[in-house]
Amino acid sequence: MTASDPTGPERDDDVLAAEYVLGVLSAGERQAVAQRVEQDPAFARLVDAWEGRLSPLAAGYAEVEAPPSVKAAIDRRLFTSSAAQQDRTGLWSSLAFWRGLAAAAFAALVLAVAVPYLGAPPSPPQMELVASLTAEGSDVRYVAVYDGVRNEVRLSHLAGQLASDKDFELWLIEGKDAPVSIGVVPAGSTAQLTPPVLVREKLAQGAVLAISLEPKGGSPTGQPTGPVVAAGDLNDI
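Quick caveat: nothing in here was measured; it's all calculated off a predicted structure.

A few words on the overall build of the chain. In terms of helices and strands, the chain carries seven helices and nine strands. Burial status across the chain gives 37% buried among its 237 residues. Counted over contacts in the chain with a minimum sequence separation of 6, partners at least 24 positions apart contribute 58%. When the accessible surface of the chain is summed, it comes to about 13300 Å², and 57% of that surface belongs to carbon and sulfur atoms.

Shown next as structure tokens:
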């Protein structure tokens, strides 16, 4: 296992499993984690636990039938060549394939719950963005989803403890400009903030989000006063 291996000991296994289920890992990281799920029973149990923990999020949403064009496209991908027909036999019997497909489907479901527009017309480009918020030397980890249609930032708290006399505060970072507060992050596994209207355009363009540790109630100065415990870029979902 190399130092650059995303599944190595420098990454917290519980957080890595959560990020895998949420679908926020890069393609290379996801492939490496999927292989680890097959080879490491203890890690596979962590993934199963996160799937069970997050699955109730979808309970309030009715099933939506996929458009006929989706099935037609899948049929073309699967059945248009003899080579594809030959490859399917081994693929259908592969445990790794089915586990990976199930995990990928569940990750898509979680993101659909976070940005619930199933069945609605496509939103304008860059109106649904996601960021994985982490920082070197910090155990605080969040996933942030910016909904540009509703002007909301939704946060999922994956890891990191908060002292009773402190609060996390979310900031918009743009180049060398002074950070702009989006708000104090409510305690809990999930939270929702409504950014000031003036920062909506900057968020939609894919700005950087950061979380600082502040006194109870938030920064008394309007600028971060404590350490940055997590940060990340907003990117298209």
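Quick look at unusual backbone geometry now. Backbone geometry follows two general trends: most residues other than glycine have a negative phi, and most peptide bonds adopt the trans configuration. Non-glycine residue Asn151 carries a positive phi angle of around 55°. With respect to the secondary-structure elements, Asn151 resides in the loop between strand 2 (141–147) and strand 3 (152–159).

Okay, the confidence of the model for the chain next. Summing up the model confidence of the chain, the mean pLDDT is 75 and the portion of residues at 70 or higher is 66%. Within the model, pLDDT remains below 50 along residues 1–10, and this stretch shows 13 contacts once partners closer than five positions in the same chain are excluded. Counting interchain partners and residues more than four positions distant, the pLDDT-below-50 stretch residues 116–126 has 15 contacts.

Taken as a whole and judged by the stated rule, the model has seven salt bridges. As a salt-bridge pair, Arg36 and Asp13 come within 2.8 Å of each other at their nearest N and O atoms. One end of the pair, Arg36, is in helix 2 (residues 27–39); the other, Asp13, is in helix 1 (residues 13–22), with 23 residues separating them in the sequence. In this structure Arg36 comes out as buried when scored by relative accessible area, which is 13%. Notably, a salt bridge pairs Asp40 with Arg36, separated by 3.3 Å at the nearest N-O pair. Under the relative-accessibility criterion, Asp40 is labelled partly exposed at 24%.

Definitions and cut-offs
- Residues numbered from 1 in each chain as written.
- Predicted model: local features only at pLDDT ≥ 70, side-chain atom pairs only at ≥ 80, totals over all residues.
- Heavy atoms only, no water.
- Helix = DSSP H or I, 4+ residues; strand = E, 2+ residues; numbered from the N terminus.
- Buried < 20%, exposed > 50% of the residue type's maximum accessible area, 1.4 Å probe, protein only.
- Contact = heavy atoms within 4.5 Å.
- Areas by Shrake-Rupley, 256 points an atom, 1.4 Å probe, with all protein chains shown as cover.
- pLDDT = per-residue confidence, 0-100.
- Salt bridge = Lys/Arg side-chain N within 4 Å of Asp/Glu carboxyl O.

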